[in-house]
Amino acid sequence: MKPLGIGLIGTGYMGKCHALAWNAVAPTFGDVARPRLVHLGETNETLARAKAAELGFARGSGDWRAVVADPEVDVVSVATPNQFHAEMAIAALEAGKHVWCEKPMATSEADAAAMLEAARASGKVAVLGYNYIQNPAIRHLKRLLEEGAIGAVNHVRVEMDEDFMADGAAPFGWKSDAGSGYGALDDFAVHPLSLLAVLVGPPARVVTDMAKPFATRPLADGGSRDVETHDIANVLFRLASGASGSLLVNRSAWGRKGRIALQIFGSEGALVYDQERMNELQLYQAKGSAAEQGFRTILTGTAHPPYERFIPAPGHGLGFNDLKVIEARELIRRIGGEPAHLIEFETGFRIERTVHAMARAFETGGWTDIDD
Ligand SMILES: NC(=O)c1ccc[n+]([C@@H]2O[C@H](COP(=O)([O-])OP(=O)(O)OC[C@H]3O[C@@H](n4cnc5c(N)ncnc54)[C@H](O)[C@@H]3O)[C@@H](O)[C@H]2O)c1
């Protein structure tokens, strides 16, 4: 396959992560053509040119539409705030580009549906940035579930907590504006939902409570503004299998830096994972001598693909940015027509519908079904 031409919109936290992945994917894997970093877009020309030079792109523009229109661009990474995803992804698909869009897909179900429709109409590959499913530890956890290592799954608990909004004195930012969505639901819950999607299937029913730990936040230039989003969401769910579960998310949780704590209980054991210790898994199997039963810690290593593409030594550990490198490789394979482990817009739309059902459940106070 000829080298892909890359466009990138947004160069903040995630934009840099995409740029690093596009830079690293060929040397890390050795089995894909090195992408050509063609064109990035930012909010103004000066920033765009500076970021292009810094991140290795040939050119930068202060108007994202120039990236989408560039004939040398084959794939567009969309790494802007949530409220821009739909417009940018749809424009890229309509211009005949493949799309790698950050999560959440969009801020409304209608926008997400329009994105799915644009992807279907374009025939291009359209995927979402659900990087946590790429972790070799999570891939191994999936293999263990498929092999029946813990029997039939009967209960799933997942929590995602960080503390970047725990300081009530932190200024009002785009994540507190209702334009960005509901808050912790579409900022955080979508990540655990991506894990459920690949490991045990999506929730079929949900009931939700949400909370705002701070009613207002200070404005950078004085005064304050009402917080419009909920930083905390607590959801109970049922899987189609009947297994019960809970999904608790909080972006105001002091001390939690990058926690995605997943516990899966089955008829014959349990599996436990925490993103803050992303290079290990805990496996409990209810067999053998009761006197010696206990959780086993499995450190990821060369036996857990594609760890070996990064480091030949087991137990040395991958990092968050490496997950995006793996995701980039999956995307290149998918564009080349090979099977790939990704969340495309079809599955992503189910995640979005689940988030909106969670929000509706909060409004009604009752259990809400998510029909397939
Ligand atoms: N996959 C993950 O693990 C993960 C982690 C963090 C954030 N995200 C997602 O990534 C997206 C971006 O979040 P972030 O934390 O990188 O935000 P950020 O604020 O750090 O960066 C956003 C960037 O987009 C640029 N931008 C804004 N409007 C633009 C426009 N109209 N044209 C061009 N550029 C524009 C900003 O200047 C900034 O550089 C969000 O949707 C977020 O949910 C995903």
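Look above for the structure.
Just so you know, these numbers come straight off a predicted model, no measurement behind them. (Residues numbered from 1 in each chain as written. Predicted model: local features only at pLDDT ≥ 70, side-chain atom pairs only at ≥ 80, totals over all residues. Heavy atoms only, no water.)

1. Quick notes on the pairing of strand 11 (residues 232-239)
The sheet contact formed by strand 8 (residues 203-211) and strand 11 spans 8 bridges and is antiparallel. When the sheet's bridge partners are listed, Met-210 is paired in strand 11 with Ala-233. In the sheet, strand 11 pairs with strand 12 (residues 244-250) via 7 bridges, with the strands oriented antiparallel. Bridging from a neighbouring strand, Ala-233 pairs with Val-249 of strand 12. The turn linking strand 11 back onto strand 12 is made up of 4 residues, and Gly-242 within it adopts a positive phi angle of 100°. (Pairing = 2+ DSSP bridges. Helix = DSSP H or I, 4+ residues; strand = E, 2+ residues; numbered from the N terminus.)

2. Re the sheet that holds strand 13 (residues 259-266)
Taken together, the 9 strands give an open sheet; going across it, the order is 16-15-14-13-7-12-11-8-17, and neighbouring strands pair in mixed fashion. The open sheet has two edge strands with one neighbour each: strand 16 (296-299) and strand 17 (368-369). Here 2 bridges tie strand 8 to strand 17, and the two strands are oriented antiparallel to one another. Across the sheet, the residue bridging to Arg-205 is Asp-369, located in strand 17. Against the sheet, helix 9 (residues 345-364) makes contact with strand 8, strand 11, strand 12 and strand 17, and its axis sits at roughly 55° relative to strand 8, the strand it touches most. (Contact = heavy atoms within 4.5 Å. Axes fitted to C-alpha atoms, helices over the stretch in contact; angles between N-to-C directions.)

3. Details of the environment of Ile-90
The topology assignment puts Ile-90 in helix 4 (residues 85-94). Using a relative accessible area of 18% as the deciding quantity, one classes Ile-90 as buried. Expressed as a C-alpha distance, the spacing of Ile-90 and Asn-250, which sit 160 residues apart in the sequence, is 31 Å. Ignoring any residue separated from it by four or fewer positions in sequence, one finds Ile-90 in contact with Ala-114, Met-115 and Ala-118. (Buried < 20%, exposed > 50% of the residue type's maximum accessible area, 1.4 Å probe, protein only.)

4. A closer look at the site of the ligand
In the vicinity of the ligand there are 26 residues, among which Glu-42, Asn-82, Glu-102, Lys-103 and Asn-131 approach most closely. Between the ligand and Met-14, the relevant distance is 2.8 Å, taken from an oxygen atom to a main-chain nitrogen or oxygen of the residue. The separation between an oxygen atom of the ligand and a polar main-chain atom of Thr-80 is 3.3 Å. Compared with its free state, where it exposes 840 Å², the ligand has 83% of that area covered by protein. Where the shell around the ligand is concerned, the elements lending two or more residues are helix 1 (13-29), helix 4 and helix 8 (320-335). Looking at the shell around the ligand, its residues break down into 11 nonpolar, 11 polar and 4 charged. (Near = heavy atom within 4 Å. Polar contact = N/O pair within 3.5 Å; in protein donor to acceptor, adjacent residues only side chain to side chain. Areas by Shrake-Rupley, 256 points an atom, 1.4 Å probe, with all protein chains shown as cover. Nonpolar A, V, L, I, M, F, W, Y, C, P; charged D, E, K, R; others polar.)

5. Concerning helix 1
Its 17 residues give helix 1 an end-to-end C-alpha distance of 24 Å, which sits within 8% of 24 Å, the value for a rise of 1.5 Å per residue. Along helix 1, the largest kink reaches about 35° and is centred on Asn-23; proline Pro-27 follows within four residues of it. When we look at burial in helix 1, the residues that qualify are Met-14, Gly-15, Cys-17, His-18, Ala-19, Ala-21, Trp-22, Val-25, Ala-26, Thr-28 and Phe-29. The secondary structure elements touched by the buried residues of helix 1 are strand 1 (5-9), strand 2 (36-41), helix 2 (45-55), strand 4 (75-78), strand 5 (98-101) and helix 8. Downstream of helix 1 by a residue or two, Gly-30 has a phi angle that is positive, lying close to 70°. (Expected span 1.5 Å × (residues − 1). Bend = angle between axes of the 7 residues up to and from the residue.)

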